[in-house]
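An overview of the molecular structure
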2 protein chains.
Amino acid sequence: MKNPETGETPHTASDVTSHVGYRLKRAHAALRGAMDRALRDHDLTVPQYACLEVLALRPGLSNAELARAIFVTRQSVNVVLRGLQDAGLVTRPDAVEHGRARPIHLTDEGLRRLRAVQSRVYALEARMIRDIPARRLRALLEDLDRMADALEE
Amino acid sequence: MKNPETGETPHTASDVTSHVGYRLKRAHAALRGAMDRALRDHDLTVPQYACLEVLALRPGLSNAELARAIFVTRQSVNVVLRGLQDAGLVTRPDAVEHGRARPIHLTDEGLRRLRAVQSRVYALEARMIRDIPARRLRALLEDLDRMADALEE
DNA sequence: GCCGGTATGTCAAACTCCTGACATGAAGAA
DNA sequence: TTCTTCATGTCAGGAGTTTGACATACCGGC
């Protein structure tokens with residue numbers, strides 16, 4: 001399976017723990033866990049933080065749009081959103097003039113909470129990639145997107 | 001933030017959707033969803049499949065060891081394991097001569113089910129990395145591990 | 001032998017996320 | 001207009017995951 005001359009690792013690995021899916025899961029789990037611990041101090045969960053981050057970037061998103069942005073279903077994000085709404089971090093109008101989609105916005109408190117945790121989350125990310133040269137990081141980001149694209153066809 | 005001359009992307013990105021965490025989540029979600037759909041035809045869930053795969057590679061693992069191998073808690077894997085046990089895909093002795101850890105083994109049926117789905121899951125993985133050169137894939141696997149290591153310190 | 005630290009298995013509660021299903025609203029075709 | 005199609009919001013159920021807590025079992029030094 002493996003060529004001892006070139007050190008080439010073919011796409012068909014012999015051990016599932018060397019598969020890209022396994023590594024992907026490991027890296028994701030490590031980041032998720034670290035974020036969980038960091039956000040707990042601020043009484044936020046990872047999905048809640050994800051919603052705040054996306055809403056700060058794209059205010060007025062609907063429930064369904066937000067769901068697509070963070071790669072979960074409408075139903076899932078709806079539950080998270082209810083929690084954020086109860087906590088006073090986001091607002092949704094009860095009715096809208098046109099259509100069913102109700103635009104979601106951060107409250108001042110929501111933006112404050114987001115700003116408060118961003119430094120910690122970003123520091124986590126910086127630590128994660130601290131030993132990866134910029135060129136390789138660029139390739140990494142590109143390849144991650146390429147992998148996602150290949151599966152979404 | 002970005003140098004237009006060299007095209008260098010610094011570690012501090014201006015947009016969270018360009019962060020490595022976001023890409024990681026996207027790629028992971030894409031694979032997870034594709035695996036979900038593929039495994040559904042065989043009446044298996046992703047965590048169940050993960051357990052079978054690891055147990056085939058390392059028979060006799062305990063509950064806690066299996067949990068570490070698939071990056072979840074003992075409690076989580078315990079629930080999954082109960083389902084697999086009820087389905088007759090794995091066995092655990094009711095008592096053991098020494099210690100509390102009970103070694104888990106695949107049944108013949110468990111191994112058969114695993115073999116039946118492996119081709120589909122591996123095909124998924126192959127599709128995911130089909131546009132990534134072998135050298136870059138090697139670098140990708142290395143960097144994913146490096147990221148996980150950096151967070152587990 | 002005894003005891004403290006470590007590892008394991010398990011229970012309970014809460015949260016996230018999914019699939020399936022249904023109702024509502026908008027847009028376009030017949 | 002009417003009907004079909006699509007997107008959205010929502011409810012219900014089930015599976016996975018986590019934290020917190022507790023009891024059990026080994027293993028080290030005392």
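Refer to the structure presented above.
Read on for a plain summary of the structure. (Residues numbered from 1 in each chain as written. Chains lettered and ligands numbered in written order. Predicted model: local features only at pLDDT ≥ 70, side-chain atom pairs only at ≥ 80, totals over all residues. Heavy atoms only, no water.)

1. Thoughts on the interface of chain A and chain B
Where we set the bar: Whether two residues are in contact is decided by their heavy atoms: any pair within 4.5 Å suffices. Take the accessible area each of two parts loses on contact, using a 1.4 Å probe, and add the two losses: that sum is the buried area. Note on definitions: salt bridges are taken to be side-chain nitrogens of Lys or Arg within 4 Å of carboxyl oxygens of Asp or Glu. By the criterion applied in these results, polar contacts are pairs of N or O atoms within 3.5 Å in which, for protein atoms, one can donate a hydrogen and the other can accept it, and in which residues neighboring in sequence qualify only through two side-chain atoms. Helix and strand assignments come from DSSP, with helices taken as H or I runs of at least 4 residues and strands as E runs of at least 2, each series counted from the N terminus. Three categories are distinguished: nonpolar for Ala, Val, Leu, Ile, Met, Phe, Trp, Tyr, Cys and Pro, charged for Asp, Glu, Lys and Arg, and polar for the others, with Gly belonging to the last.
Counting residues at the interface gives 58 residues for chain A and 57 residues for chain B. Taken together, the two surfaces of chain A and chain B that pack against each other cover about 6,200 Å², and 62% of this comes from carbon and sulfur. Across the contact surface, chain A and chain B share twelve salt bridges. The partner of Arg136(A) in a salt bridge is Asp143(B), and the shortest N-O contact between them spans 3.1 Å. Inspection of the region where chain A meets chain B yields 28 residue pairs in polar contact (both at pLDDT 80 or more). When contributions to the side of chain A that touches chain B are tallied by element, the ones reaching two or more residues are helix H1 (20-40), helix H2 (46-57), helix H5 (108-128) and helix H6 (134-152) of chain A. If you tally residues by element for the side of chain A that touches chain B, the top one is H6(A), at 19 residues. Counted by class, the side of chain A that touches chain B contains 30 nonpolar, eight polar and 20 charged residues.

2. What to know about the protein's contact with DNA strand C
Definition in use: In these notes, residues near a molecule or strand are those with any non-hydrogen atom within 4 Å of it.
Inspection of the region around DNA strand C gives 24 residues, with Thr73(A), Gln75(A), Arg100(A), Arg100(B) and Arg102(B) positioned closest. Counting only the atoms of DNA strand C that lie within 4 Å of the protein, the sugar and phosphate share comes to 58%. Here a base oxygen of DNA strand C sits 2.7 Å away from a polar atom, N or O, in the side chain of Gln75(A). A distance of 2.9 Å separates a phosphate oxygen of DNA strand C from a polar side-chain atom of Ser76(A). If you list the elements that add at least two residues to the surface near DNA strand C, you get helix H4 (74-86) of chain A together with helix H3 (63-69) and helix H4 (74-86) of chain B. It is H4(B) that provides the largest number of residues to the surface near DNA strand C, a total of four residues. Counted by class, the surface near DNA strand C contains six nonpolar, ten polar and eight charged residues.

3. Section: the environment of His28(B)
Checked against the element boundaries, His28(B) lands in helix H1 (residues 20-40). When residues no more than four places from it in sequence are discounted, the contact partners of His28(B) are Leu24(A), Lys25(A) and His28(A).

4. A short note on the side chain of Glu125(A)
Condition: For every residue, the accessible area obtained with a 1.4 Å probe (protein chains only) is divided by the maximum for its type, and the residue is called buried under 20%, exposed over 50%, and partly exposed between those limits. His is not counted, nor are the chain ends; Lys and Arg add positive charge and Asp and Glu add negative charge.
Structurally, Glu125(A) is set in helix H5. It is Arg23(B) that comes nearest to the buried, bridge-free Glu125(A) among opposite-charge side chains, at 8.9 Å. When neighbours within four sequence positions are excluded, Glu125(A) is seen to be in contact with His19(B), Val20(B), Gly21(B) and Tyr22(B).

5. Observations regarding the protein's contact with DNA strand D
The local shell around DNA strand D holds 27 residues, among which Arg74(A), Arg100(A), Arg102(A), Gln75(B) and Ser76(B) are the closest. Among all atoms of DNA strand D positioned within 4 Å of the protein, those belonging to sugar or phosphate total 60%. Interatomic distance of 2.3 Å between a side-chain N/O atom of Arg100(A) and a base oxygen of DNA strand D. Of all elements in the fold, only helix H3 (63-69) and H4 of chain A together with helix H2 (46-57) and H4 of chain B reach the threshold of two or more residues within the surface near DNA strand D. Counting residues per element, the surface near DNA strand D draws most heavily on H4(B), at five residues. Considered class by class, the residues forming the surface near DNA strand D number seven nonpolar, eleven polar and nine charged.

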